[in-house]
Amino acid sequence: MTDFSVIFTETDHKILNSYRQVLDGLADYLGEGYELVLHSLNNLESSVIKIVNGHYTGRKEGSPITDLGLQMLAKTQDEHTDYISYFNKGKHNKNIKCSTITIRGEGGKIIGLLCINFYLDTPFADLLKAYIPPDKQKIVKEENFSSNVEELISLTVGKVRDAVMADETITPANKNKEIVIGLHDRGLFNLKDAVIRVAELLGVSKNTIYMHLRNLKDHQ
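Residues numbered from 1 in each chain as written. Predicted model: local features only at pLDDT ≥ 70, side-chain atom pairs only at ≥ 80, totals over all residues. Heavy atoms only, no water.

The chain has the name YheO domain protein in an unreviewed UniProt entry, where uncultured delta proteobacterium is given as its organism.

Our next topic: the pattern of salt bridges. Applying the stated rule across the entire model yields eight salt bridges. Between Lys 109 and Asp 12 there is a salt bridge, and its shortest N-O distance comes to 2.7 Å. Remark: Asp 12 occurs in helix α1 (residues 10-17) and Lys 109 occurs in the loop between β4 (95-104) and β5 (110-119); sequence separation between them is 97 residues. Each of Glu 150, Arg 197 and Glu 200 takes part in salt bridges that share partners, so that together they form one network. (Salt bridge = Lys/Arg side-chain N within 4 Å of Asp/Glu carboxyl O. Helix = DSSP H or I, 4+ residues; strand = E, 2+ residues; numbered from the N terminus.)

Turning our attention to the environment of Ser 85. Within the fold, Ser 85 resides in strand β3 (residues 83-89). The spatial distance from the C-alpha of Ser 85 to the C-alpha of Glu 200 is 49 Å, given a sequence separation of 115 residues. Discounting chain neighbours no more than four positions away, the residues touching Ser 85 are Cys 98 and Ser 99. A distance of 3.4 Å separates the side chain of Ser 85 from the side chain of Ser 99, its partner in a polar contact. (Contact = heavy atoms within 4.5 Å. Polar contact = N/O pair within 3.5 Å; in protein donor to acceptor, adjacent residues only side chain to side chain.)

See below:
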C-alpha cells in the first residue's frame, strides 16, 4: 500500500499555507455553490487545513482526507498529472463537479491538494449573485487586457489622459502633473522603461516625469 504522507520542510509549510488566501479569493469570486478545500499531506488523518463552505459536506478543519481523495492522489502520481476533474455524488446524493489540483513543494514532491467542488443543483439565482454588482451599482473597475507591455502603457496613458483632460477643475498647467499622478496611482511606473514611454506619449522630457514623481514622493 502506498503511503502518501509527506514529511514537510519549513519551505513546504510556507508554500502550502500560502494557498489559504487563494481559497478565500476563489470563494469571493465564485460565490455560492462551491466548496473549496485545502488538504495537507503532512497528516492524512487530519488533512483539511482550510475549508470554505464546509456546510455542504459537514467537514471542517482537521477532517481527514477522503477515500476518493486518496484514489485521486494515486491517479495523479500514476498518470503524472497535476489535476483531475470528475463528476461525483455528495451527501444526500447531490451531483457535484469536482477538480483536484496537486500542490508541489521542495523537490517537486506533492505536499497538498486543492479541491474545488461545485454543487450542480445550486439555484441559478444564487450563482448570479457573484456576477451582479451589489445594489445595481455600475462597474467601477477598469482593466486593460493587453498582449504586450507597449500596448498596456499606451492604453493606460490614454485612459488617464482622457480623464484628466475632461476635468475642468484641473488647470492646463497642471494637466501633465495630474496625469503622472494618475499613472503612479495605477502602478504603471513599476514597468520597465515606463517613464521613457510615458514621456514620449505626453510629449515631454523624461526629466519632467521624474520631477513630478519626486514631488509626489516628497508630499507623501
